[in-house]
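This is what each chain is made of:
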Amino acid sequence: RPRVLSGIQPTSGSFHIGNYLGAVRQWVALQETHDAFYMVVDLHALTLPQDPKELQENTRLAAAQLLATGLDPDRCTLFVQSHVPEHTQLSWLMECLTGFGEASRMTQFKDKSARQGADRTSVGLFTYPILQVADILIYQANQVPVGEDQRQHIELTRNLAERFNGRYGKIFTVPEAYILRETAKIFDLQDPTVKMSKSASSPKGIIDLLDDPKASAKKIKSAVTDTGTEIRFDPENKPGISNLLTIHATLTDSTIAEVEQKYSGKGYGALKTDLAEIVSDWAAPFRARTREYLDDPETLDSLLAKGAEKARAVAAETLAQAYDKVGLLPGK
Ligand code: ATP
Ligand code: MG
């Protein structure tokens, strides 16, 4: 079975609809056909300031949400990034292979650091794509199911895998991004030209899956659209409506054309009202299942511990090979 690896940050309590449609939905499907490794990337979350108690709660909450979407610990390896220390160890080797200029070209760093201001930007935010490289390479992943915003980081991963293999001998699988065109980028409801984001979207711009349905309905109904009336998929001229059509089509397993057809001659209000209901119908059982997992933290923690054990077996083997290749003296 080909292997997949991906992760999600515990940067806020709830996943948003972009996380689900862009990434986690594919994770659920891929556990049937692939040897799947999924993790809550708590170390990545530390690249922006986090309250310690909240980080711990959000890490459990993220794991609970992953289980609630349908990840099954018997069919995939589900764990917390910091439980597998080999990631940060391999990351150092990768940092030493990365050019400063190369790392400086990462657009997500530019965006996030611009929002933070230079004084408040950590070195961790700068090097985090390299830790992500290690996350992926340490499992010899063939594919990495993510949203479009991660494409550049996967490209960096490929470059570093090839560089390491060329310099020291081939030990790393060169992975590919697995990005579904339709849902690669779900946009902010208030600014449909930028991606919906846990840490950057305003509360009104983001559909949080754990939100109360009334709150989500209100946000969807006040989503920014154009001044026209026609419901048509046209991301260039109608980014707001196109975003709503994408969410509608994916959640109802329809094509965009079918949804366009359904609303031909109807107004934006009808589309928004229906979408609010579709989201609410999807989210209600998701919320209930998340709560069930959270209500039993002991089971949750032991399940994550088992996941980490499985992950470490693979990670330790890759790390040992990499240490050997670069010429680190084996310790006793
Ligand atoms: P942050 O703003 O803290 O970076 P995020 O919303 O980008 O949070 P992540 O935890 O960084 O969420 O990403 C988890 C997964 O969700 C990644 O695979 C990412 O590509 C995907 N993703 C995030 N936002 C979107 C979006 N708007 N559309 C599609 N996929 C997305
Ligand atoms: Mg992100």
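Just so it is clear, the model here is predicted, and its values are computed rather than measured.

Cut-off values and rules
- Residues numbered from 1 in each chain as written.
- Chains lettered and ligands numbered in written order.
- Predicted model: local features only at pLDDT ≥ 70, side-chain atom pairs only at ≥ 80, totals over all residues.
- Heavy atoms only, no water.
- Near = heavy atom within 4 Å.
- Polar contact = N/O pair within 3.5 Å; in protein donor to acceptor, adjacent residues only side chain to side chain.
- Helix = DSSP H or I, 4+ residues; strand = E, 2+ residues; numbered from the N terminus.
- Nonpolar A, V, L, I, M, F, W, Y, C, P; charged D, E, K, R; others polar.
- Phe/Tyr/Trp six-rings, centres within 6.5 Å; stacked < 30°, edge-to-face > 60°.
- Buried < 20%, exposed > 50% of the residue type's maximum accessible area, 1.4 Å probe, protein only.
- Core = buried A, V, L, I, M, F, W, Y, C linked by side-chain atoms within 4.5 Å.
- pLDDT = per-residue confidence, 0-100.
- Contact = heavy atoms within 4.5 Å.

What surrounds ligand 1 is a group of 23 residues, the closest being Asp149, Lys195, Ser197, Lys198 and Ser199. At a separation of 2.9 Å, an oxygen atom of ligand 1 approaches a polar backbone atom of glutamine 9. Between ligand 1 and glycine 18 there is a distance of 3.2 Å, counted from a nitrogen atom to a backbone nitrogen or oxygen. Counting residues per element, the shell around ligand 1 draws most heavily on helix α1 (residues 17–30), which supplies four residues. In terms of residue class, the shell around ligand 1 is made up of six nonpolar, 12 polar and five charged.

This paragraph deals with the packing of aromatic side chains. Going through the model one piece at a time under the given rule, you end up with nine aromatic pairs. Judged by centre distance (4.8 Å) and plane angle (5°), the ring pair of tryptophan 27 and tyrosine 38 falls under stacked. On the criterion of sequence distance, the pair formed by tryptophan 27 in helix α1 and tyrosine 38 in strand β2 (residues 35–40) is long-range, its members being 11 residues apart. Exposure remark for tryptophan 27: the relative accessible area of 0% places this residue in the buried category. Overall, the relative accessible area of 0% leaves tyrosine 38 in the buried class. The structure contains a cluster of three or more aromatic residues connected by ring pairs, namely Tyr20, Trp282 and Phe286.

Below, the discussion takes up the nonpolar core. With 51 residues, the main nonpolar core has Ile17, Tyr38, Leu66 and Leu78 as its most contacted residues. For this core, the leading source of residues is α1, giving eight residues.

For the protein, mean pLDDT is 96; residues scoring 70 or higher make up 100% of the total. This prediction of the complex comes with two scores: 0.96 for pTM and 0.99 for ipTM.

When you line up the elements, serine 6 lands in strand β1 (residues 3–8). Since its relative accessible area comes to 2%, serine 6 is described here as buried. Reaching out from serine 6, the side chain makes a polar contact with the side chain of tryptophan 27 at a distance of 3.5 Å. With sequence-adjacent residues up to four places away left out, serine 6 is seen in contact with Trp27, Phe37, Tyr38, Met39, Pro145 and Val146.

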